[in-house]
Amino acid sequence: MIEFFRSACLALRQGASLRPDVLDRARLELQRRSRIETVLPEVFQPLLESLRESLTELAEVIDGLDLASREDAPELAGWLNLRAQNAWERILSVEQQLDDSFGTLDEEMQHGNR
């Protein structure tokens, strides 16, 4: 998904108009990702909150891309790209932390079953 943001920001920077249907598809993808309802122990709730905040920030970047495109404001591309990159890195960090935690739990369960 980060490739979408990079491409959209580059296109905006180069003076292109972003098509509303493309932005709408990106919004739908973010909505799909944010609907992932996982029942996790309380200890993981801060990670899920960080994930939700990052997805919200990406939605705000899409809104910014839409506005910048309609208002012919390519100077916003760099700032929007930076916001998207930061949000994406937080998402990857959360996903890595969850993977690590579940990997540890899985190992502990396997060793307990021996």
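Further up the page is the structure itself.
This is a predicted model, so every value here is computed, not measured. (Residues numbered from 1 in each chain as written. Predicted model: local features only at pLDDT ≥ 70, side-chain atom pairs only at ≥ 80, totals over all residues. Heavy atoms only, no water.)

**Thoughts on the nonpolar core**
And then number 1: F4, F5, L58, I62, L65 and L80 are the most contacted members of the largest nonpolar core, which has 29 residues in total.
And then number 2: Put simply, the parts of the chain that give this core at least two residues each are helix 1 (2-13), helix 2 (20-34), helix 3 (45-70) and helix 4 (77-112).
And then number 3: Take this core: its biggest share by element is 9 residues, from helix 3.
And then number 4: Residue contacts for F5: discarding those within four places in its chain leaves L30, L58, V61, I62, L65, N81 and A84. (Core = buried A, V, L, I, M, F, W, Y, C linked by side-chain atoms within 4.5 Å. Buried < 20%, exposed > 50% of the residue type's maximum accessible area, 1.4 Å probe, protein only. Helix = DSSP H or I, 4+ residues; strand = E, 2+ residues; numbered from the N terminus. Contact = heavy atoms within 4.5 Å.)

**Regarding the pattern of salt bridges**
And then number 1: Per the stated rule, a full pass over the model turns up 13 salt bridges.
And then number 2: In this structure, R32 and E29 form a salt bridge, with 2.6 Å as the shortest nitrogen-oxygen distance. Taken together, the positions of R32 and E29, both in helix 2 and 3 residues apart, correspond to about one turn of that helix.
And then number 3: Its relative accessible area of 25% is what places E29 among the partly exposed residues.
And then number 4: For E29, the salt bridge goes to R33, with nearest N and O atoms at 3.2 Å. Of this pair, E29 and R33 both sit in helix 2, separated by 4 residues, roughly a single helical turn.
And then number 5: The exposure class assigned to R33 is partly exposed, which follows from its relative accessible area of 24%.
And then number 6: Overlapping salt bridges bring together D24, R27, D63, D66 and R70 as one network. (Salt bridge = Lys/Arg side-chain N within 4 Å of Asp/Glu carboxyl O.)

**Description of helix 2**
And then number 1: Spanning 15 residues, helix 2 covers 21 Å between terminal C-alpha atoms, matching the ideal 21 Å at 1.5 Å per step.
And then number 2: Residues of helix 2 that are buried include every one of L23, A26 and L30, and no others. Mapping the buried residues of helix 2 onto a view down its axis gives an arc of 60°, with all of them on the same face. Away from its buried face, by an angle of more than 90 degrees, helix 2 presents the exposed residues P20 and L28.
And then number 3: In this structure, the buried residues of helix 2 make contact with helix 1 and helix 3. (Expected span 1.5 Å × (residues − 1). Arc of directions from axis to C-beta.)

**Looking at helix 3**
And then number 1: Helix length check: helix 3 (26 residues) gives 38 Å between terminal C-alpha atoms against 38 Å at 1.5 Å per residue, within 8%.
And then number 2: Immediately beyond the C-terminal end of helix 3, within one or two residues, lies D72, with a positive phi of roughly 55°.

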